[in-house]
Amino acid sequence: MDRGTMYGNVCRWLPVIAAAICIAISCSSDPSESYDMPERCPVVLKVENGSDVDVMDEGMTVGAFFVSKDNGSVLRRNEMMIVGEHGMLMQDRDTIVPLKLDSYDFIAYCPYDSSWDNLPESMVEFDVEEDQSSDIAYISSDLMISTSISISNGTAEAVFRHAMSRIMLHITDKTGVFDMRFSSAVINDMKLRSYLYIYGESSSTDDKMIGDIVCRRLDCKDRRASFTAVFPAQQLVDGKLIVDVEIAGITYDFEITGVPAMESGNVLVCSMSMTERGLELESTELTDWEDGGSGSIVVYE
């Protein structure tokens, strides 16, 4: 057989070979995704902020698991999904949420981490950023978890809770001398690493993973500045919180005493003032998370 004849035979059979390959690919599938999902279910993601429940910000990334209610097997594992407008979960062919969710648990967390494939069976390790001065670093430290979903009028709703604790610092200049726009805050000697189950049954912190956290600046005007930071739930040593506040190039070391144990979703609000005597503490209050917003910062893996 000459080369021309051989080439002609190959070309004649190419369509048949290509069709066979396509059939083989379409028939093979991951057994963990073999259950029927003919229709998609609209899903709204919300965040519990104290007594309020707000829609999750657009652009946030979520890791999702589908767990069988019959035997607890994980049918789909750690799929990254993106939050769209009005908290609606963006779906495509690979990230469809089944319309009939009564047979499955939808378990999710935010922000997405590609290494968390062993959830929800295993305990995970989560570290907050030491420098939370940027929006992205702060958001990536604010772990949120949802373990249940409800359906009403054909739309599913998953509510996330904050797994970390938070501090809010409000500092007011009463001297009329300092420009608070040039200020910063650091909380010292905080535990940075937590170990937790996605179901939230138990959690612990690493006593050896200690660091200083640079706060995120929320609102700084001429005479007032606000800062925040998130960290694992923990009991502070002797109930003391050490804060370094820098104002106009001068650093003030401040010790806040009598701080109770910080639990997930707690916010410690501290109001301070600059007076002729220096930096003074006016009040502290332990409350629920009041503002889980991220300013619509888009965060992709």
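Rules of the game
- Residues numbered from 1 in each chain as written.
- Predicted model: local features only at pLDDT ≥ 70, side-chain atom pairs only at ≥ 80, totals over all residues.
- Heavy atoms only, no water.
- Helix = DSSP H or I, 4+ residues; strand = E, 2+ residues; numbered from the N terminus.
- Buried < 20%, exposed > 50% of the residue type's maximum accessible area, 1.4 Å probe, protein only.
- Contact = heavy atoms within 4.5 Å.
- Areas by Shrake-Rupley, 256 points an atom, 1.4 Å probe, with all protein chains shown as cover.
- Pairing = 2+ DSSP bridges.
- Axes fitted to C-alpha atoms, helices over the stretch in contact; angles between N-to-C directions.
- pLDDT = per-residue confidence, 0-100.
- Patch = residues over 30% accessible without salt bridge, like charges linked within 9 Å, V, L, I, M, F, W, Y side chains within 5 Å.
- Salt bridge = Lys/Arg side-chain N within 4 Å of Asp/Glu carboxyl O.
- Lys, Arg positive; Asp, Glu negative; His and termini not counted.
- Charge placed at Lys NZ, Arg CZ, Asp CG, Glu CD.
- Core = buried A, V, L, I, M, F, W, Y, C linked by side-chain atoms within 4.5 Å.
- Phe/Tyr/Trp six-rings, centres within 6.5 Å; stacked < 30°, edge-to-face > 60°.

Enquirer: Before we move on, can you summarise the overall build of the protein chain with the specific residues and values?
Expert: Across its full length, the protein chain holds two helices and 20 strands. Taken over 301 residues, the protein chain has a buried fraction of 44%. Within the protein chain, contacts between residues at least 6 apart in sequence are counted, and of these 67% link residues at least 24 apart. Accessible surface, the protein chain as shown: approximately 15700 Å² in total, 49% of it carbon and sulfur.

Enquirer: Kindly report on the sheet that holds strand β16 (residues 224-231), identifying the contributing residues and their values.
Expert: Pairing is mixed across the open sheet formed by five strands, whose spatial order is β15-β16-β10-β19-β20. The two strands at the open ends of the sheet, each matched to only one other strand, are β15 (216-220) and β20 (278-288). Strand-to-strand twist of the sheet, defined as the mean angle between neighbouring strand axes without regard to direction, takes the value 20°. Strand direction decides the pairing type here: strand β10 (residues 165-173) and β16, joined by eight bridges, are antiparallel. If you follow methionine 168 over to β16, its bridge partner there is threonine 228.

Enquirer: For the sheet that holds strand β11 (residues 183-191), give the residues involved together with the corresponding values.
Expert: Here four strands make up an open sheet; going across it, the order is β14-β11-β17-β18 and the pairing antiparallel. Two strands in the sheet have a free side with no partner beyond their single neighbour: β14 (210-214) and β18 (250-256). Along the sheet, successive strands turn relative to each other by an average axial angle of 20°, direction set aside. Here β11 pairs with strand β17 (residues 241-247) via six bridges, running antiparallel. Within β17, the residue paired with serine 183 across the bridge is isoleucine 247.

Enquirer: Outline the environment of isoleucine 213, supporting the account with residue identities and numerical values.
Expert: Among the secondary structure elements, isoleucine 213 is positioned in strand β14. Each C-alpha atom of the pair isoleucine 213 and valine 186 lies 5.5 Å from the other, and the pair is 27 residues apart in sequence. Discounting chain neighbours no more than four positions away, the residues touching isoleucine 213 are Val128, Glu129, Glu130, Gln132, Ala185, Val186, Ile187, Met190, Leu192, Ala229, Val230 and Phe231.

Enquirer: Go over the confidence of the model for the protein chain with me, naming the residues and quoting the values.
Expert: Averaged over every residue, the pLDDT of the protein chain is 82; residues scoring 70 or more account for 82%. Per-element confidence in the protein chain is highest for β14, whose mean pLDDT is 98, and lowest for helix α1 (residues 3-27), whose mean pLDDT is 42. Low pLDDT, under 50, characterises residues 13-38; the predicted model gives this stretch 13 contacts beyond four residues in sequence or across chains. Within the model, pLDDT remains below 50 along residues 291-301, and this stretch shows 29 contacts once partners closer than five positions in the same chain are excluded.

Enquirer: Explain a negative patch on the surface to me, using residue names and the numbers behind them.
Expert: On the surface, a cluster of negative charge is contributed by Glu129, Glu130, Asp131, Asp189 and Asp212. Note on placement: glutamate 130 falls in the loop between β6 (124-127) and α2 (135-141). Exposure remark for glutamate 130: the relative accessible area of 42% places this residue in the partly exposed category.

Enquirer: So what's going on with the nonpolar core? Which residues, and what values?
Expert: With 76 residues, the main nonpolar core has Leu45, Met56, Tyr109, Leu143, Phe160, Ile187 and Leu241 as its most contacted residues. In terms of residue count, the dominant contributor to this core is strand β19 (residues 266-275) (six residues). Every residue in contact with tyrosine 109, bar those within four places of it in the chain, is listed here: Thr61, Val62, Gly63, Phe65, Asn78, Trp116, Leu119, Leu143, Met144, Ile145, Phe160 and Ile198.

Enquirer: Could you give me a rundown of the pairing of β16, with the residues and numbers involved?
Expert: By the criterion of burial, β16 is predominantly enclosed, with seven of the eight residues buried. One ladder, built from four bridges, connects β15 with β16; its direction is antiparallel. Note that in β16 the partner of cysteine 220 across the bridge is alanine 225.

Enquirer: An account of the packing of aromatic side chains is requested, with residue identities and associated values reported.
Expert: Under the counting rule described, the total for this entry stands at four aromatic pairs. Pairing phenylalanine 65 with tyrosine 109 gives two aromatic rings, centres 6.5 Å apart and planes at 35°, and the pair type is tilted. Of this pair, phenylalanine 65 sits in strand β3 (residues 61-68) while tyrosine 109 is found in strand β5 (residues 104-110), placing the two residues 44 residues apart along the sequence. With relative accessibility at 1%, the residue phenylalanine 65 sits in the buried group. Both rings, one in tryptophan 116 and one in phenylalanine 126, keep their centres 6.1 Å apart while their planes meet at 75°; by these two values the pair is edge-to-face. Highlighted residues: tryptophan 116 in the loop between β5 and β6 and phenylalanine 126 in strand β6, separated in sequence by 10 residues. The class of tryptophan 116 is buried, set by a relative accessible area of 6%. The exposure class of phenylalanine 126 is buried, given its relative accessible area of 8%.

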